[in-house]
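# Chains, contacts and geometry: an overview
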Amino acid sequence: MKKEIWKKLREYEIQVKKVLSASRQGRFRSIFKGSGLEFDEIRPYQYGDDLRIIDWNASVKGHGLYVKSFKEEREQFVFFLVDVSASQRLRAKDLLWRELTSVLMLSVFREGGQVGLLTFTDRMEHVFPCKRSMGHMHVLLHHIFDVPPISQGTNISKAARYALRLLKRRSLIFLISDFMDSEDYGPSLIQLATRHELVLVSLEESLLQAWPRLGIIPFRESETGILRWVNSSSHRFQQKIKDHTTRHRQKLEELARKHQMDLLSIPTQENYVPLLVKFFKQRILRQKHRI
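This write-up is about the structure you can find in this document. (Residues numbered from 1 in each chain as written. Predicted model: local features only at pLDDT ≥ 70, side-chain atom pairs only at ≥ 80, totals over all residues. Heavy atoms only, no water.)

### A short note on empty space enclosed by the protein
In total, this model carries two cavities of 30 Å³ or more according to the counting rule given. If you trace the second largest cavity, you find it lined by Val84, Trp97, Arg98, Thr119, Glu125, His126, His143, Ile144, Val147, Pro148 and Pro149. Across the lining of the second largest cavity, the residue classes tally to six nonpolar, three polar and two charged. (1 Å grid on protein atoms, 1.4 Å probe; cavity = no way out; pocket = protein on both sides within 12 Å on 5 of 7 lines; lining within 4 Å. Points joined across faces, edges and corners; volume = space filled by probe spheres on them. Nonpolar A, V, L, I, M, F, W, Y, C, P; charged D, E, K, R; others polar.)

Shown next as structure tokens:
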């Protein structure tokens, strides 16, 4: 990886960490450690216990109040599922997913977490189990910037099912993609979110939100290679692009909302660092309310 890219990533990582570390809302570490606690057992309520940890399902049975007992997590496993299909390698998205993944990985590593990576298309491209060492980080960063994928297509469901089999303990998973997949990946992501903490990072190509009116142009589907000629200036084409983008975004938002997945949308033409900072601050607040 080139020195200028490494310098840029390091600056972004420091920028994110500095802002969050100075926040009154919690430590930077809590972003990657969830609540910092994991469920241990249910026990009878004792005077002085926090009312927020009362287990009402157990208490309503009429045998007194019960609370959830937690124990501190000692180590956090953070796994990255990264879509490297052809649509991810178009225009500004190509550099964005690489930078974003690298900044998040470096931040996890600096905070003592173990980092793993699965890059996928319509096949599993490369898999790196969770580890914590500088040598491991260099291998991951080299892979992200210097190793091209073999295939072109996308299959998010297959990647999610593979991660379910691979990860034996509860992990924080960042799924980074534009989520442009013709198959219904909803059921697989729901399964993944049931066993792990799932953060969906959606990369949105700004060009799709305001397609330029260029008249008759060749339009090639990046993942299938099919070439069609379309009138990009027509109202019908413009509306079709707009409707497709809106439906896609609404579907993803509904999936995340219903099944307790975090969703972070990042337009390709915006500086993603402020968006990361805002998202992580909100995540810290949500974690506090869950305990």
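### Brief notes about the environment of leucine 140
The residue leucine 140 is located in helix H5 (residues 134-146) in this model. By relative accessible area, leucine 140 is classed as buried at 0%. Along the chain, leucine 140 and methionine 105 lie 35 residues apart, while their C-alpha atoms are 8.8 Å from each other. Leucine 140 has contacts with Met105, Val115, Leu117 and Phe128, leaving out every residue within four places of it along the chain. (Helix = DSSP H or I, 4+ residues; strand = E, 2+ residues; numbered from the N terminus. Buried < 20%, exposed > 50% of the residue type's maximum accessible area, 1.4 Å probe, protein only. Contact = heavy atoms within 4.5 Å.)

### What to know about the side chain of serine 102
Within the secondary structure, serine 102 is located in helix H4 (residues 91-110). By relative accessible area, which is 0% here, serine 102 ends up buried. Once residues within four sequence positions are removed from consideration, serine 102 is found in contact with Leu9, Leu141, Ile144 and Phe145.

### Re the nonpolar core
Core analysis: the largest hydrophobic core is formed by 38 residues, its most contacted members being Phe80, Val201 and Tyr272. For this core, the element with the highest residue contribution is H4, accounting for nine residues. Contact partners of phenylalanine 80, with chain neighbours within four places excluded, come to Thr101, Leu104, Met105, Val108, Val115, Gly116, Leu117, Leu118, Phe174 and Ile176. Within the second largest apolar cluster, 26 residues are counted, among which are Cys130, Tyr185, Leu192 and Ala193. (Core = buried A, V, L, I, M, F, W, Y, C linked by side-chain atoms within 4.5 Å.)

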